[in-house]
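If you want the building blocks of each chain, they are given just below.
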Amino acid sequence: MSALSLAAAVAIAFPSANQRLPFVERAYMIGSVPRGTASVVVQGREVEVYRTGAWATLVDVAEGTNTIMVAAGDFSTNHVFVVGARPKPRPPSAAPAPEKKWEKLEYCGDVPKPHPSGKTPQEIAVVIDPGHGGGDTGAVSPHGLFEKNANLLQAEALRAELAARGYRVLMTREDDVALVLGERPRLAHAENADAFISIHHNAPAANGDAAKARWNAVYSWNPLGERLAAAIAGRLSDAFAGEMPSKGSLHANFAVTRNPEIPSCLVEVDFITSPAGEEAIFNHAHRLEAAIAIADGFEDWLRSGRGPLP
Ligand SMILES: [Zn+2]
């Protein structure tokens, strides 16, 4: 085999070649080999290969340039990336870091929109926001597939499911385009939408364990969004109980969750960095299952009215 075809035998998706990571002592590595390859050897240790050819492991790293040897069969490659310097300890006398002030959504008022209970589906508008897009790829899967594309595929499945149930559905993007984060909720405001659902797929921190990290969660920031998040989280938890744990409904002050007018939440459907998660996310039937769970949760929220969920 030529060097070129051998080079294709092991692909490393994260960290990418020469990528600069923050300071960590261990970093996750994910990549792929042809299906049927039994194992890869990373930093001298054998790593199991998932049935799709994906693999994930943790490696010990040091500040500066790291060269990690990755081998499969007769082939080996030296993968180079950079780990940033260890942060200097803060002197004890230093003032605490100022509290982070989040940008305000200038175009939004402060009055929560009335709950749409009593409206027909045709009168109810839902904005779906596929996270990332364009140059902002989001996280990457072991086979090098981007979160931005997974989010769009899942959003399209959810749009079809909600439209089939009669709701008016709007999307913040329908193509691979970049959107300014703070502009995403603007569509919900402009369309006087009843709910806003942002779709994402998760990744661990650089020192997280990509082989094991896999769960779903729904984020909201205010009580308006919290009930919607809890309803969707409950259905996701039930739908995928045999496959991954659920962290339920969590709080996060994201640009797409802090809308004071319109119930807003962000769904982390799965982990794109996990070999099993990647296989699920890029499976049409699995996306349909997730779309049904999210739509069921949305309808639970509709039925719950303004009060807390039962
Ligand atoms: Zn994301």
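Just above sits the structure.
Here we summarise the structure given alongside this text.

Thresholds applied
Residues numbered from 1 in each chain as written. Predicted model: local features only at pLDDT ≥ 70, side-chain atom pairs only at ≥ 80, totals over all residues. Heavy atoms only, no water. Salt bridge = Lys/Arg side-chain N within 4 Å of Asp/Glu carboxyl O. Helix = DSSP H or I, 4+ residues; strand = E, 2+ residues; numbered from the N terminus. Buried < 20%, exposed > 50% of the residue type's maximum accessible area, 1.4 Å probe, protein only. Lys, Arg positive; Asp, Glu negative; His and termini not counted. Polar contact = N/O pair within 3.5 Å; in protein donor to acceptor, adjacent residues only side chain to side chain. Contact = heavy atoms within 4.5 Å. Phe/Tyr/Trp six-rings, centres within 6.5 Å; stacked < 30°, edge-to-face > 60°. Lys NZ or Arg CZ within 6 Å of the ring centre and 35° of its normal.

As enumerated under the stated definition, the model contains 18 salt bridges in all. Residues Glu-191 and Arg-168 are paired through a salt bridge, measuring 3.4 Å at the closest nitrogen-oxygen approach. On the criterion of sequence distance, the pair formed by Glu-191 in the loop between helix 3 (184-190) and strand 11 (195-202) and Arg-168 in strand 10 (residues 168-171) is long-range, its members being 23 residues apart. Take Glu-191: its relative accessible area is 31%, and that puts it in the partly exposed class. Given a relative accessible area of 37%, Arg-168 falls into the partly exposed group. One salt bridge connects Asp-300 with Arg-303, and the closest N-O pair in it is separated by 2.7 Å. Here the residue Asp-300 and the residue Arg-303 both occupy positions in helix 6 (residues 284-304), the gap between them amounting to 3 residues, near one helical turn.

Bringing the side chain of Glu-147 into the picture now. Along the chain, the position of Glu-147 falls in helix 2 (residues 147-164). Nearest to the buried, unbridged Glu-147 among oppositely charged side chains is Arg-173, at 7.9 Å. At 3.3 Å, the side chain of Glu-147 forms a polar contact with the side chain of His-132. In this view, Glu-147 contacts His-132, Thr-137, Gly-138, Ala-139, His-200, His-201 and Ile-272; residues no more than four positions away in its chain are not counted.

A few words on the packing of aromatic side chains. Between two aromatic rings, the relevant description is the distance of the centres plus the angle of the planes. Tallied over the full model, the rule gives 5 aromatic pairs. Three or more aromatic residues joined by ring pairs make a cluster, and in this case those are Tyr-167, Phe-298 and Trp-301. The ring centre of Trp-215 lies 4.0 Å from the NZ or CZ of Lys-247, which sits over that ring.

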